[in-house]
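Each chain, letter by letter, is given below.
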Amino acid sequence: MDSLTIRETFLRFYEERGAKRYGSAPLIPNDPSLLLTIAGMVPFKPFFMGDAVPPSPRATSFQKCVRTNDIENVGRTTRHLSSFEMLGNFSFGDYFKREAIRWSYELSVAAYGLDPERIWVTIFEDDDESEQLWLEETDVPLERIQRVGVPEGSTRLDASDNFWSTGGAGPCGPCSELNYDRGPDWGEEGGPVVNGERYLEYYNLVFMQQEQDADGNVLGDLPARSVDTGLGLERMAVLLQDVPDVFGTDLFTPLIARAEELSGVRYGDDPERDVSLRVVAEHARTSALLIADGVLPSKEGRGYVLRRLLRRAVRHGQLLGMDLAGGAELLVPMLDTVLRTNLQMYPELTKQRELVTRIAGAEERDFAARLRAGLERVDRALDDVRARDGADFPGDVTFELHDTYGFPVDLTAEIAEEAGLSLDRDRFDALMDEQRERARAGAKKGGGGVPVETYREAAGSVGTTEFLGYEALGAEAELGAIVTPGGLTRSAQEGDEVEVVLARTPFYAEGGGQVGDRGELRTPTGRLEVVDTQEAIEGLIVHRARVVAGEVSQGQPVEAVVDADRRLATARSHSATHVLHATIKEVLGDHAQQAGSLVQPGRLRFDFPHFESVSRDRLQEVESTINDRVLHDPHVHTEVMALEDAKAAGAVANFGDKYGQVVRVVTIGGFSKELCGGTHVPSGATIGTIAIVREESIGSNTRRVEALTGMDAFRHLVHERLVAEEVARVVDAPIDQAVDKVRGLVDRLRGAEKALAKVRAGNLSQQALQLADEVVREDGLAVVVTRIDGVVGDDLRTLASEIRGRLATRGVVVLGSATDGKAQLICALTQDLVDAGIEARPILHPAAQVVGGGAGGRGDLAQAGGKQGDKLDEALQVAAQQARDAARGAA
């Protein structure tokens, strides 16, 4: 049975039993707590947690998954995979153990045709109910049901392979696993608890029936019991296609064949090279799926996972003898094969072909160029370790490989392990921390250097700050605390710069890319100008302010007033950022997710992953679309809801951002829905004009767009129009013809410059001939020292080189020129003098000091400059004498 039929058989089996069918969700989960989709139940998490109501209490799905905990074992064994497909059936408070057990057995025997005499079952050690149901609902005898307990030394139930939990507080319950006996060729008998290779697990039934605390203590039964099952497509393909491992199934044989073709290495001939062929095939599949779902290579997060896979594949291509640095291709043809052979499995891959191959090609070219030099560095380090009988691969070299050659640390660890060494990870981590600290120290620091203990003291007296700024721009409060770098103080005088804490405030603290509010704090005795608002520690908002009048004291009543115009301009930019985000994903692809932003009054900055510069046409399409959307005045709706409800409603959550259990969801029109705690305009048209002013690269596969909004955008466009009108006036052409007129003028200017350069070169050549002919050699040495005002820069160097060429042997040329009171000197030597040990720089250095400068250059050519052009003649005399003395010394 082929893999596609295995999938369809499973889905149809559970559809016939009332389940709603679901296709695969993307590998980027709509869940900020997860890096990647790691299990079939991930898309259904809101239903299991009771945070959303499922359309149907029964579901069945196929789900592509990626797990990264054992990438280094992929290829080394035939069981480990970084990506796999999970087939699942789920019950959300509907059927439970009896039906799940009966149906899993029926599917195995009746639908898939597995031999019932070879099916073994494992259950949790005290799950008597499941044991009884297996005996009642199936033909599995008691002797083929094995209990699995908690490993010795552990007190947590979920430490057992047959007890599931989320890893923390939440639902939990026992598991029941189906295993298939592959026969005596696979080792000793005794069931799955004895030999997991022979008795291959293929189906896992999780019974969510209890609740546990964070320490793993079971608290009691859940009010609604659920079922979460997973059948591995790859493992079922191994059983039904009767092959030794997944690499012999129809999922991988085309990929292995393509890797053989590209490398010229035959699978099965050499165990070591078989490892590399498996790595290339498996990582190509995972990489293609990741890129197609919007993951791009980067230094962290899911992008790092992808980079690690791609670079590990490149390294194994090199181990197969492929000259990747010399132009051979591996990743592009491999990933293209993945796309071609998986179109039926994942039809969505079709539209991402260009993205997948371009990203893979760029990453391969980048790493292959550095791989050879990096591996040479590895070999030198290994030789050093072996010479001193060491056991650890140096952390310093690991850091160098990471920083200079782009080696993911896990790749270096794998290479070290292959050499029988452990990696000095502690030293590597320390060097990485030092690098991050240097980066932090080099960055601009905000705040007034207040110790965190002072903020905690303020929070202890005032409490957490209540933010009122969504509804109001002004509020009455009490001045709760005055914070300084020296600690808390009771009062502040005019001119003092302090941080003020209020128990309630309308001021927005910087967060989510949006800058903090500015405004005023007014008391009966003084006034403070707020220049910034920050969240100093979680829950504590501080107003960074300067007392501009009078005196303020702790405990006084305060009128807090936000700068309304600035807040509105900032809100325009924030709402515009959401519109831009949605539009960029539509134009460039779903991979262009927000990777960073800065929201300021009248301007915004938006970072996103993309593999190339955005063309002018694409950028114009984005700009046109966002302005058209704003012009139609889309409704801006803000709603507070549970996090899981928000995700179930399709709200975009940015990976890495921290969210509470209750979140704000900002919806703009029918095209944007994001989790966001920032401030926004009441309606789309309030944003006004949006003008994109820059698009640039800020790192590997990361782009940045900068834009202006509202009146700032309007003023920018007016300025550009005035500039265009002035250019048209200067070139005497209508504004729509000015560009062509300017191009024509530039072409004529370039032509004139080329003609002038040709004339100048001819003049210099003639001048060089004349100077060379006039020289008088002394003892065979020709020294040309002369002043030529009006000839500077490259022309002066060209002239010196021309004269040297005409002198041919034993010649020294020193030329000087003075322009605008500054002197320039050039010294050129014939090659025979250089071969005799004479260098141009020492000859020119004393002369450079005369004109108040220094000299630099290589052996046969040096240059110097100084601010004392009036001493040029004296400098030339010094250089002439220095040249003669040097030549005599060499003779």
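The paragraphs below set out a description of the structure included in this document. (Residues numbered from 1 in each chain as written. Predicted model: local features only at pLDDT ≥ 70, side-chain atom pairs only at ≥ 80, totals over all residues. Heavy atoms only, no water.)

### Section: the overall build of the protein chain
Consideration 1: Secondary structure summary: the protein chain contains 23 helices and 33 strands in total.
Consideration 2: Against the compact-globule benchmark of 29 Å for 891 residues, the protein chain has a radius of gyration of 36 Å, which places it well outside the compact range.
Consideration 3: Referenced to the eigenvectors of the C-alpha coordinate spread, the extents of the protein chain come out at roughly 115 × 85 × 65 Å.
Consideration 4: Within the protein chain, contacts between residues separated by at least 24 positions form 67% of all contacts whose residues are at least 6 apart in sequence.
Consideration 5: Element-wise, carbon and sulfur atoms account for 47% of the exposed surface of the protein chain, whose accessible area totals about 40,500 Å².
Consideration 6: For the protein chain, the centre of its 99 positive side-chain charges and the centre of its 143 negative side-chain charges are spaced 6 Å apart. (Helix = DSSP H or I, 4+ residues; strand = E, 2+ residues; numbered from the N terminus. Rg over C-alpha atoms; globule rule 2.2 N^0.38 Å. Contact = heavy atoms within 4.5 Å. Areas by Shrake-Rupley, 256 points an atom, 1.4 Å probe, with all protein chains shown as cover. Lys, Arg positive; Asp, Glu negative; His and termini not counted. Charge placed at Lys NZ, Arg CZ, Asp CG, Glu CD.)

### Remarks on the sheet that holds strand 32 (residues 854–857)
Consideration 1: In space, the five strands of this open sheet follow the order 29-30-31-33-32, with mixed pairing throughout. Each of the sheet's edge strands pairs with one partner strand only, and the pair in question is strand 29 (782–787) and strand 32. Geometrically, the sheet is characterised by an average inter-axis angle of 15 degrees between neighbouring strands, direction not taken into account.
Consideration 2: In the packing of helix 20 (residues 793–807) onto the sheet, the strands contacted are strand 29, strand 30 (811–819), strand 31 (822–829) and strand 33 (861–866), and the crossing angle to strand 30 comes to about 160 degrees.
Consideration 3: With respect to the sheet, helix 22 (residues 840–850) is in contact with strand 30, strand 31, strand 32 and strand 33, its orientation differing from that of strand 31 by roughly 160 degrees. (Pairing = 2+ DSSP bridges. Axes fitted to C-alpha atoms, helices over the stretch in contact; angles between N-to-C directions.)

### Re the state of the cysteines
Consideration 1: With the rule as written, the count across this model stands at zero disulfides.
Consideration 2: Cysteine cysteine 172 shares no disulfide, and the gap to the nearest cysteine sulfur, in cysteine 175, comes to 10 Å.
Consideration 3: For cysteine 172, a relative accessible area of 0% gives the class buried.
Consideration 4: Cysteine 175 gets classed as buried once you look at its relative accessible area, which sits at 2%. (Disulfide = S-S within 2.5 Å. Buried < 20%, exposed > 50% of the residue type's maximum accessible area, 1.4 Å probe, protein only.)

### What about the packing of aromatic side chains?
Consideration 1: Inspection of every chain in the model, using the stated rule, returns 20 aromatic pairs.
Consideration 2: Here phenylalanine 124 and phenylalanine 163 contribute two aromatic rings whose centre-to-centre distance is 5.1 Å and whose plane-to-plane angle is 55 degrees, an arrangement assigned as tilted. Of this pair, phenylalanine 124 sits in strand 4 (residues 119–124) while phenylalanine 163 sits in strand 6 (residues 163–165), and the two are 39 residues apart along the sequence. We note that phenylalanine 124, like phenylalanine 163, is buried.
Consideration 3: Pairing phenylalanine 367 with phenylalanine 407 gives two aromatic rings, centres 5.4 Å apart and planes at 65 degrees, and the pair type is edge-to-face. Here the residue phenylalanine 367 occupies a position in helix 10 (residues 353–387), and phenylalanine 407 occupies one in the loop between helix 11 (395–404) and helix 12 (409–418), the gap between them amounting to 40 residues. (Phe/Tyr/Trp six-rings, centres within 6.5 Å; stacked < 30°, edge-to-face > 60°.)

### What to know about the pattern of salt bridges
Consideration 1: Enumeration according to the criterion identifies 53 salt bridges in this entry.
Consideration 2: Here glutamate 15 and arginine 21 are joined by a salt bridge, their closest N and O atoms 2.9 Å apart.
Consideration 3: Its relative accessible area of 33% is what places glutamate 15 among the partly exposed residues.
Consideration 4: Notably, a salt bridge pairs arginine 79 with glutamate 197, separated by 3.3 Å at the nearest N-O pair. One end of the pair, arginine 79, is in the loop between strand 2 (58–66) and strand 3 (83–91); the other, glutamate 197, is in the loop between strand 7 (170–181) and strand 8 (199–212), and 118 residues separate them in sequence.
Consideration 5: Taking relative accessible area as the criterion, arginine 79 reaches 32% and is therefore assigned partly exposed.
Consideration 6: The class for glutamate 197 is partly exposed, based on a relative accessible area of 33%. (Salt bridge = Lys/Arg side-chain N within 4 Å of Asp/Glu carboxyl O.)

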